[in-house]
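# Coordinate inspection notes
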Amino acid sequence: RALAERAGRRCCLGWDFSTQQVKVVAVDAELNVFYEDSVHFDRDLPEFGTQGGVHVHKDRLTVTSPVLMWVQALDLILEKMKSSGFDFSQVLALSGAGQQHGSVYWKTGASLVLSSLSPALPLHQQLQSCFSISDCPIWMDSSTTAQCHQLEAAVGGPQALSCLTGSRAYERFTGSQIAKLFQKNPEAYSHSERISLVSSFAASLFLGGYSPIDYSDGSGMNLLQIQEKAWSQACLDVCAPHLEEKLGSPVPSCSVVGAISSYYVQRYGFLPGCKVVAFTGDNPASLAGMRLEEGDIAVSLGTSDTLFLWLQKPMPALEGHIFCNPVDAQHYMALLCFKNGSLMREKIRDESASCSWNKFSKALQSTAMGNNGNLGFYFDVMEITPEIIGRHRFNEENMEVSAFPGDVEIRALIEGQFMAKRIHAEGLGYRVMPKTKILATGGASHNKDILQVLADVFGAPVYVIDTTSSACVGSAYRAFHGLAGGTGVAFSEVVKSAPQPSLAATPNPGASQVYAALLPRYSALEQRILSTAQRPLE
Ligand SMILES: O=C(CO)[C@@H](O)[C@H](O)CF
């Protein structure tokens, strides 16, 4: 019955080429996920010898992944789908996501191979000699600090680069990675006829030709002008020569970039008219999967806490990353990462709630909003937003104190983490609106008392969502959006019938007054810590 049920369902596929696996979901016209599968690099392709899908090099800075492992993973997952009886002829369109910032270098002549694949053979046998380097730099790489300095210097400094491309220079961003390849291996660079991101590389496999880079994932390269949606010539020139022709022109993320290659029609039974919608980065795809709308904010509470923001008017800064919005080409999105996330929460739980989440919750229930003016900063590892380390506690007179009672400590941690999120989000141009929804996900989103503080600090309702496959689901939604006409049709309209997130917390009465007083104090104290931290030791 399951097979028969699957047979007649018109659907879209959503792919995710992430760090550890290739994953796919099938979503039907009612936007229900009815099929999913995955291939795990370490487990299913052990011959590549990766750990967590990557190779960390001896210098401990360089991190790469073998491109042929990604190719072979696609062969495997399509074979798995075929043997499970998946009916490819029902697929109307597909789109996908890739880990951001990584880059793939197609060797001169590869496009001819890509456009004439034999359906009798798997992809990896035919693409063996199509890449000028076999180990692709990915987002975990941090070996390009020199190239980052060159890039920032070329455009007038970090803030100038951030205004231009949405971020100051980061080691993992593609521009610096291409610059490093050109400087260290000019031969490989000159033998590359095309450079793709992981997302556009994956789209190219389905297209049977080079897929363009989309505006949203292209915003993670330090090369794309996010206002003009065009490459910055100044940034291209400082990275490598003739770079624009190797990148091709960027396209709106909802573009239909072509029909699926005949290779998939003949080998797997896809329809010849199956459309390929531009692939994008995993985080932009997750934003689509969470169906974030204008004014919303998504908080992923994990080892590190990540904020997804929807921005109408971005204010580029020296922290965070602003990307073109993947579902609305006029707007933007931003990522803000807070390194001291769940590990910090667990440490305070162990110290002040005797290792019990139950006691932790009771402490939050028994202390008042605003914590009687007590404020705390808890950064046991160097925080990146902002760059502070250590624990700093202040009483209601802004006097630094060395300790708080257990319950006060617990509320100070959680209120501090969420006030920081609101302050730094607003620094990038985010504003809470009357229609704002906060979407919470990740481990700590199972704790209602923690979510209550989140609702109080932002003065907005908190919903919990399951984001296990949000990049895949977002990609399938974007495939439906591209099918429906893309830019001419509102993404929110296309996905309005999808399952709704569940309401978990609404702000307590009086919350906005309490935090309207506390937020400026928190911000001023953060500046005080930053300035004292930077003053040379007396
Ligand atoms: O570097 C990142 C975003 O800037 C990561 O979230 C990667 O996209 C993970 F694949």
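Look above for the structure.
A brief structural summary. The model shown is predicted, which means the values in this text are computed figures rather than measured ones. (Residues numbered from 1 in each chain as written. Predicted model: local features only at pLDDT ≥ 70, side-chain atom pairs only at ≥ 80, totals over all residues. Heavy atoms only, no water.)

Take the overall build of the protein chain next. Helices and strands together make up the secondary structure of the protein chain, namely 22 helices and 24 strands. Over its C-alpha atoms the protein chain spans a radius of gyration of 24 Å, differing by no more than 12% from the 24 Å that the globule rule assigns to 538 residues. Principal axes of the C-alpha set define a box for the protein chain whose edges measure 75 × 60 × 45 Å. Split into buried and exposed, the 538 residues of the protein chain put 59% on the buried side. Counting only contacts in the protein chain whose residues sit at least 6 apart along the sequence, the fraction spanning at least 24 positions is 72%. Total accessible area on the protein chain stands at roughly 20300 Å², and carbon and sulfur atoms take up 54% of it. Taking the 42 positively charged and 51 negatively charged side chains of the protein chain as two groups, their mean positions are separated by 3 Å. (Helix = DSSP H or I, 4+ residues; strand = E, 2+ residues; numbered from the N terminus. Rg over C-alpha atoms; globule rule 2.2 N^0.38 Å. Buried < 20%, exposed > 50% of the residue type's maximum accessible area, 1.4 Å probe, protein only. Contact = heavy atoms within 4.5 Å. Areas by Shrake-Rupley, 256 points an atom, 1.4 Å probe, with all protein chains shown as cover. Lys, Arg positive; Asp, Glu negative; His and termini not counted. Charge placed at Lys NZ, Arg CZ, Asp CG, Glu CD.)

Near the ligand the following residues occur: Thr19, Gln99, Gln100, His101, Trp139, Arg172, Asp282, Asn283 and Leu335. His101 places a side-chain nitrogen or oxygen 2.7 Å from an oxygen atom of the ligand. Coverage of the ligand by the protein amounts to 85% of the 290 Å² it exposes when considered alone. (Near = heavy atom within 4 Å. Polar contact = N/O pair within 3.5 Å; in protein donor to acceptor, adjacent residues only side chain to side chain.)

Turning our attention to the sheet that holds strand 24 (residues 502–505). Taken together, 7 strands build an open sheet; the order of strands is 17-18-16-15-22-23-24 and the sheet is mixed. In this open sheet, the two edge strands, each paired with only one partner strand, are strand 17 (321–324) and strand 24. When strand polarity is set aside, the average angle formed by the axes of neighbouring strands in this sheet is 25 degrees. Judged from the 5 bridges that link them, strand 15 (residues 297–301) and strand 16 (residues 305–311) form a sheet pairing that is antiparallel. The partner of Ala298 across the bridge, within strand 16, is Phe308. Strands strand 15, strand 22 (438–441), strand 23 (462–464) and strand 24 of the sheet are contacted by helix 19 (residues 448–458), whose axis makes an angle of about 85 degrees with strand 24. (Pairing = 2+ DSSP bridges. Axes fitted to C-alpha atoms, helices over the stretch in contact; angles between N-to-C directions.)

We now examine the environment of Ile423. Mapped onto the elements of the fold, Ile423 is located in helix 18 (residues 406–427). Spatially, the C-alpha atoms of Ile423 and Tyr522 are 8.8 Å apart, while their sequence positions differ by 99 residues. Among all residues touching Ile423, those that are not within four sequence positions of it are Leu519, Tyr522 and Ser523.

Bringing the packing of aromatic side chains into the picture now. Considering all chains together, one arrives at 21 aromatic pairs under this definition. Both rings, one in Trp106 and one in Phe201, keep their centres 5.8 Å apart while their planes meet at 40 degrees; by these two values the pair is tilted. Placement of Trp106 in strand 7 (residues 103–107) and of Phe201 in helix 10 (residues 198–207) is noted, with a sequence separation of 95 residues between them. By the burial criterion, Trp106 is buried, and Phe201 matches it. Cluster of aromatic residues (ring-pair linked, three or more members): Trp15, Phe34, Tyr35, Phe86, Phe88, Phe206, Tyr263, Tyr264, Tyr268, Phe270 and Phe279. Seen from the ring of Tyr170, Arg172 lies directly overhead, with NZ or CZ sitting 5.5 Å from the centre. (Phe/Tyr/Trp six-rings, centres within 6.5 Å; stacked < 30°, edge-to-face > 60°. Lys NZ or Arg CZ within 6 Å of the ring centre and 35° of its normal.)

Now for the pattern of salt bridges. The tally for this structure, following the rule as stated, stands at 17 salt bridges. Residues Arg349 and Asp350 are paired through a salt bridge, measuring 2.8 Å at the closest nitrogen-oxygen approach. The exposure class assigned to Asp350 is partly exposed, which follows from its relative accessible area of 33%. For Lys496, the salt bridge identified is with Glu493, shortest N-O distance 3.0 Å. For Glu493, a relative accessible area of 46% corresponds to the partly exposed category. (Salt bridge = Lys/Arg side-chain N within 4 Å of Asp/Glu carboxyl O.)

The next subject is the sheet that holds strand 5 (residues 63–66). Strands sit in the order 4-5-8 across an open sheet of 3 strands; the sheet is antiparallel. The open sheet is flanked by strand 4 (55–56) and strand 8 (135–137), the only strands paired with a single partner. Pairing geometry for strand 5 and strand 8, over 3 bridges, is antiparallel. When the bridges of strand 8 are listed, Pro66 appears paired with Asp135.

With that settled, the discussion passes to the side chain of Arg521. By the secondary structure assignment, Arg521 is in helix 22 (residues 511–534). Nearest to the buried, unbridged Arg521 among oppositely charged side chains is Glu396, at 6.8 Å. Polar contacts involving the side chain of Arg521 include one to the main-chain carbonyl oxygen of Asn395, which spans 3.0 Å. Not counting residues up to four positions away in its chain, the partners in contact with Arg521 are Gly373, Leu375, Asn395, Glu396 and Asn398.

Between helix 17 (residues 357–366) and helix 18, whose axes approach to 8 Å, the crossing angle comes to 85 degrees. For the element pair helix 17 / helix 18, the angle class is roughly perpendicular. Two secondary-structure elements touch here, helix 17 through Phe360, Ala363, Leu364 and Ser366 and helix 18 through Asp407, Ile410, Arg411, Leu413 and Ile414. Here the contact of helix 17 with helix 18 is built from residues that sort into 6 nonpolar, 1 polar and 2 charged. (Parallel < 35°, antiparallel > 145°, perpendicular 65-115°, else oblique. Nonpolar A, V, L, I, M, F, W, Y, C, P; charged D, E, K, R; others polar.)

Purely spatial values, then, with no claim about function.
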